[in-house]
Structures are given as C-alpha cells and as structure tokens.
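Structural characterization, general
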Amino acid sequence: MIEVLSVASEVYPLIKTGGLADVAGALPAALAERGISVRTLIPGYPAVTGGISGGRVVAEFGALFGGEARVIAARAGGLDLIVLDAPYLFDRPGNPYMSPDGWDWPDNWRRFAALSWVAHELAVGLVEGYRPQVLHAHDWTAGLVPAYVKYGPSDRIKTVMTIHNLAFQGTFGADIFTQLRLPSHAFSMEGVEYYGGVGYLKSGLECADIVTTVSPTYAAEIRTPAFGMGLDGLLENRSETVFGVLNGIDVTAWDPATDASLAQTYTASTTHKRIANKMALQEAFGLEVANAPLFGVVSRLTWQKGIDLLVACVDALVAQGAQLAVLGSGETELENGLRAAAMRHPGKVGIVTRYDERLSHLVQGGADVVMVPSRFEPCGLTQLYALRYGAIPLVSRVGGLNDTVIDANVAALYAGVATGIQFAPPDEHALADAIRRALDLYRQPESWKKMQRRGMKSDVSWETSAARYADIYANLLGLKDYDDQNG
Ligand SMILES: Nc1ncnc2c1ncn2[C@@H]1O[C@H](COP(=O)(O)OP(=O)(O)O[C@H]2O[C@H](CO)[C@@H](O)[C@H](O)[C@H]2O)[C@@H](O)[C@H]1O
C-alpha cells in the first residue's frame, strides 16, 4: 500500500473555487481502487472546519509561522482529510485566496508556506504511525512542499508537483525568505529564488522529483515561450520528468442518470428527455422557453477563458436564432459585456454571476452546446461534463481541450468518431465560424444525436489517469512491478 499525502488549497465538496477542487476531491477515490491510500492536507477555512465532524486532533503547534495551530484528522465527503486548523491564517470570510472585496490576502505567502511546511512535518513523523511516502503538491499554494523536502533531513520522501494552471505562480518579494524556515542556500536558482524574489510554483517545479500537468498537450505547450509564462526554460530543461496526465471527472457526482440537480434524468438512449432540463434552464436564465438552439457557458469570466471572444460573438449568435446562458463571475469588464448583451437581447441571452454548483449541473443537462473558448486550458473539466451530459462541447484547440474533444470535421463525421467542435486560433473570427458550424450540425438531428451519444459513451472517468498517477508514485518509490500486483 502506497501512502500519499495530497496537499491542496481547495477540495470538493468542502471548498471549491474551480477545477483544482474537483480534481483534488475525485482523485483519491480513483487511486484507492488501485491500492493507494491518499490523505488530503487542506487549510481549515470556515467551510472546512464547519464541514467536518468527529475530527481528532493529532498535533498542535504553539507557534506555527506566528500563531497557534492544530492538525486535525477527519473524514468528510468520502475523503480522509488532514486539516490545518490555524485560525489566525484561515478563519476568514471570502474565498481561499481573497477577501470578500476581491483582494488577495496580503499574507498569502505565510498562509501557504505554513501549509507546505506542515506537509513536510507530517512526512518526517509529526504524527506517530503516519509516514506518507509521497507528497503530491497541487499548484503554487503547495509549491513550497518540494523545497521543504529538498532542504529537509530526509531523502526518503518523494515529491510530485502538479500544475493545474501556470498562470498562478505565487511570486513574492525576497524579504519573506528569512521567514520561510529554509536554509540560506535555498535562496538560489536551484531553490526558491525567482527573478530576485521568491517563486512558490517555480520552486515546486525546480525541486519536485516529478512534475505533472493535467493534459499531454498542455505538458508540451508549457515548454514553449507562448504558453510557458516565463517557466518554459525550466520545464524544457527537465522535460524527461514532466508528464501530462489527463484529468478525469467524478462520474458518480456527474451522472445524468441519477443527478438530483436536474429537472429530468436521462441516459444516452433517452437524450430526448433533456428537453425538460432545457426548459428549466431557459427559465432559470430568464430566456424564452422556446425551441431554439441553446448555448451554455460555465466558467470563470477571464481572459484565459476567452470570454471576451464570446462577448464579441454574442450578436451573431443571437442573429442566427440561438440563445445563450452564461453561469460565471470574474473580471468586471467581461461581466458588464455579457450583461449589456443580455440587455440588448432580452429573452435570448441570460447571465447568472453567482457561484452555483446545482445550476452548473443544469447547464450541462439542458444546453445543446457548451462553449469553452479558452486561450489556454491546462485540461478543462466543463467540456468533460458536457460530454458526459450529451451537450456538444465547442472548444478552442488548446491544452486539454485538444486532447478530449474530437472535432466534427468531414473525415471525423464520416468515420463516426466526432464528439464536438474545435476551433483555432482562439480569436473571434474562428469562434464565430465554430458557432456557425455548430448550428449547421444542430439542424441535422440524426448526426447531432449520434454525436451526443458518442460523447456520453466516451470515457471521461479517472480510471486510465489514476493508473498513470499510480505508476508515477510506484516508479518514484522503486516499486517497478507495482502495477502487475495491483492492476
Ligand atoms: N459560477 C459557477 N458556478 C458553479 N460552478 C462553476 C462556476 N464557475 C466555474 N464553475 C465550475 O468550476 C470548475 C472549473 O473547472 P475548469 O477545469 O474548467 O477550470 P479552472 O480554470 O477552474 O481549473 C484549472 O484546474 C483544472 C483542474 O486541473 C483544469 O482542468 C483547468 O484547465 C485549469 O485552468 C468546473 O467544475 C465548473 O463547473
């Protein structure tokens, strides 16, 4: 049995701002099936301390990076959690990273250094009887984990650093370095130093034994200047230890046959029942309940996600008789652009800017097309949910979107393998063209139905990718024949 400690700043179902939570929440169960025991170290935000019950205090710190803290072992949401209950760092309103008025907490460096430091303490025996062999760090918020291991006393502990999004790097001034509890030589190119300051993600990418990211295409893209965000050189240098492992989804939580968030459940052979969800969706977004092709979006509203391209295409979309429902929040300018479109096209365009997990399921279960026009996309989960729910994904051809959707070009349609629509490059002309193609296909109900069914039957589970992670852990630990015994 391999013991892994996963370190994540959000985990579904306790606390979620995006895809990282979904992955951190779903992967442990998939790995358990392969004989890998995963516990997840997570900060004790109010939603987390309030969401666990019957926890056990397994360690206490009088002064952890400047305040008192406890480590609590608990089970919640089907997960084995280790909660870092440090109220002076985490007992705050807002989301994990920002205050309610949208500003990053100024002590984020301390909050997430403390999290990473505790991960290392756990690996070197903080709690009697518990010795994780692999520390799996997710994103910059766990980026110091590999540095604490590299500069710590034990070379037994192995580290994996997973990039969910290279755009968030966690860079801070050099002045914090002396408070990180690292030896002075860690402030170097081989350690945490990054352009004269401290780089949390950079340090993870430098110090981890293995680096993974969440799709093969993104793994290749980030080694190029166009997508590397300044870290392409580092990643290219260690390319033999950088792997792309495609995300899966939790196919139990996301199952149109049983989903309680839907107005009507259905399967691949009863897609006609989706109409009830479409009507519920139209009502929820203030759209005319009409037999019009309905495009849906569930997304952070940011430049990364190409939402400005969507804003530029709304009028053309409506002019072709389609409707648009957008669930998401983010940059003010983009929210305003979509609101203005909704005003221009009452009953045709609707936007809901709150975070609403239930409604996100209804979008997948009721929209005809789900759009993901991202400029870059490490993996993307919404197109996977779309496939599972028989909504046709319309995506830009980047990152994981490239790896998970098969474009309905003439050859793919003829071969009977198409599952969605891809466009490139990510600009408004290509998106407008893709919308036209989607509408052409929508008007061919037989082809459409076949694409829906094919998507619903495609494998979007964690099975294959959990096996890849299991191999990575086993190889790190020198257990080469692990898969033969457990596969
Ligand atoms: N207003 C709202 N209400 C309800 N739900 C909402 C919502 N806005 C967004 N969501 C949900 O948040 C999640 C977003 O996940 P994505 O993977 O699509 O992107 P994200 O950029 O957050 O993740 C990053 O990490 C993941 C995980 O590795 C990568 O897939 C991705 O490419 C990378 O950018 C989905 O579950 C979506 O349904």
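Just so it is clear, the structure is predicted and the values come from calculations on it, not from any experiment.

Things to note about the sheet that holds strand E9 (residues 193-194)
Taken in spatial order, the 3 strands line up as E8-E10-E9 in an open sheet, and their pairing is antiparallel. Edge strands, defined here as strands with exactly one partner in the open sheet, are strand E8 (171-172) and E9. Across 2 bridges, E8 lies against strand E10 (residues 197-199) in antiparallel orientation. The partner of threonine 171 across the bridge, within E10, is glycine 199. Here helix H6 (residues 200-207) sits on the sheet in contact with E8, E9 and E10, set at roughly 60 degrees to E10.

Describing the environment of alanine 142
Among the secondary structure elements, alanine 142 is positioned in the loop between strand E6 (134-138) and helix H5 (145-150). Between the C-alpha atoms of alanine 142 and alanine 119, which are 23 residues apart in sequence, the distance is 8.9 Å. What alanine 142 contacts, discounting residues up to four positions off in sequence, is Val7, Ser116 and Ala137.

Thoughts on the packing of aromatic side chains
Evaluation of the coordinates by the stated rule reveals 16 aromatic pairs. Geometrically, the ring pair formed by phenylalanine 65 and tryptophan 117 is edge-to-face, given 5.9 Å between the ring centres and 70 degrees between the ring planes. With phenylalanine 65 in the loop between strand E3 (56-61) and strand E4 (69-76) and tryptophan 117 in helix H4 (residues 108-123), this residue pair connects regions lying 52 residues apart in the sequence. On the basis of relative accessibility, which here comes to 5%, the residue phenylalanine 65 falls in the buried class. When the ring of phenylalanine 172 is compared with that of tyrosine 200, the centres are 4.9 Å apart and the planes differ by 65 degrees; the resulting orientation is edge-to-face. With phenylalanine 172 in strand E8 and tyrosine 200 in helix H6, the pair connects residues that are 28 residues apart, well separated along the chain. Tyrosine 200 carries the same exposure label as phenylalanine 172, and that label is buried. In textbook terms, an aromatic cluster arises when at least three aromatic residues are bridged by ring pairs, as seen for Tyr45, Phe90, Tyr97, Phe112, Trp140, Phe172 and Tyr200.

Remarks on the domain arrangement of the chain
By domain assignment, the chain separates into domain 1 (2-248 + 462-485) and domain 2 (271-456). On a C-alpha basis, the centres of domain 1 and domain 2 stand 32 Å from each other. Taken together, the contact pairs 21 residues of domain 1 with 18 residues of domain 2. Taking both sides of the interface into account, the surface hidden between domain 1 and domain 2 amounts to around 1,400 Å²; carbon and sulfur atoms contribute 61%. Three residues, Lys16, Thr217 and Leu246, lead the burial of domain 1 against domain 2; their summed loss comes to 26% of the area buried on that side. Summed over the shared surface of domain 1 and domain 2, the number is 1 salt bridge. At the boundary of domain 1 and domain 2, one finds 8 residue pairs in polar contact (both at pLDDT 80 or more). Counting only elements with at least two residues in the side of domain 1 that touches domain 2, the list comes to helix H1 (19-32) and helix H7 (216-221).

Focus: a nonpolar patch on the surface
On the surface, Ile275, Met279 and Val289 cluster together to form a nonpolar patch covering roughly 250 Å² of accessible area. One can find valine 289 in the loop between helix H10 (274-284) and strand E13 (294-298). Taking the relative accessible area as the measure of exposure, valine 289 reaches 43% and is therefore partly exposed.

Observations regarding the environment of phenylalanine 177
Inspection of the secondary structure puts phenylalanine 177 in the loop between E8 and E9. The exposure class of phenylalanine 177 is buried, given its relative accessible area of 9%. On a C-alpha basis, the gap between phenylalanine 177 and phenylalanine 187 in space is 7.5 Å, while along the polypeptide they are 10 residues apart. Setting aside its immediate chain neighbours within four residues, phenylalanine 177 contacts Leu182, Pro183, Ser184, Ala186, Phe187, Val192 and Val198.

Observations regarding the site of the ligand
Around the ligand sit 29 residues in total, of which Asp22, His164, Arg300, Glu377 and Gly380 are the nearest. Glutamine 304 has a polar side-chain atom sitting 3.4 Å from an oxygen atom of the ligand. For the ligand, whose unbound accessible area comes to 720 Å², protein coverage reaches 96%. Residue assignment for the shell around the ligand shows that the elements contributing at least two residues are H1, helix H13 (357-366) and helix H14 (382-389). Ranked by the residues each element gives to the shell around the ligand, the list is headed by H1, at 4 residues. The residue inventory of the shell around the ligand, partitioned by class, reads 10 nonpolar, 11 polar and 8 charged.

Notes on the side chain of arginine 388
Following the sequence through the fold, arginine 388 ends up in helix H14. Here arginine 388 falls in the buried class, since its relative accessible area comes to 18%. With sequence-adjacent residues up to four places away left out, arginine 388 is seen in contact with Ile249, Val251, Trp254, Asp255, Pro256, Gly455, Met456 and Val460.

A look at the nonpolar core
Core analysis: the biggest nonpolar cluster contains 79 residues, and Leu41, Leu84, Leu180, Tyr200 and Leu205 have the highest contact counts within it. No other element matches the 10 residues that H4 contributes to this core. Ala26, Val370, Leu384 and Tyr473 belong to the second largest nonpolar core, which has 49 residues in total.

Focus on the pattern of salt bridges
Going through the model one piece at a time under the given rule, you end up with 16 salt bridges. Put simply, aspartate 107 and arginine 92 hold a salt bridge, and the shortest N to O gap is 2.6 Å. Here arginine 92 lies in the loop between helix H3 (87-90) and H4 and aspartate 107 lies in the loop between H3 and H4, a separation of 15 residues in the sequence. On the basis of relative accessible area, arginine 92 is assigned to the buried category, the value being 17%. A salt bridge links glutamate 335 to arginine 339, with the shortest nitrogen-to-oxygen separation between them at 3.3 Å. Placement of the pair is glutamate 335 and arginine 339 together in helix H12 (residues 332-344), with a separation of 4 residues, close to one helical turn. The exposure class assigned to glutamate 335 is buried, which follows from its relative accessible area of 13%. Using a relative accessible area of 34% as the deciding quantity, one classes arginine 339 as partly exposed. Here the salt bridges do not stand alone but share partners, grouping Lys16, Asp22 and Glu357 into one network.

Cut-off values and rules
Residues numbered from 1 in each chain as written. Predicted model: local features only at pLDDT ≥ 70, side-chain atom pairs only at ≥ 80, totals over all residues. Heavy atoms only, no water. Pairing = 2+ DSSP bridges. Helix = DSSP H or I, 4+ residues; strand = E, 2+ residues; numbered from the N terminus. Contact = heavy atoms within 4.5 Å. Axes fitted to C-alpha atoms, helices over the stretch in contact; angles between N-to-C directions. Phe/Tyr/Trp six-rings, centres within 6.5 Å; stacked < 30°, edge-to-face > 60°. Buried < 20%, exposed > 50% of the residue type's maximum accessible area, 1.4 Å probe, protein only. Domains from an automatic or database assignment. Buried area = accessible area lost by both parts, 1.4 Å probe. Salt bridge = Lys/Arg side-chain N within 4 Å of Asp/Glu carboxyl O. Polar contact = N/O pair within 3.5 Å; in protein donor to acceptor, adjacent residues only side chain to side chain. Patch = residues over 30% accessible without salt bridge, like charges linked within 9 Å, V, L, I, M, F, W, Y side chains within 5 Å. Areas by Shrake-Rupley, 256 points an atom, 1.4 Å probe, with all protein chains shown as cover. Near = heavy atom within 4 Å. Nonpolar A, V, L, I, M, F, W, Y, C, P; charged D, E, K, R; others polar. Core = buried A, V, L, I, M, F, W, Y, C linked by side-chain atoms within 4.5 Å.

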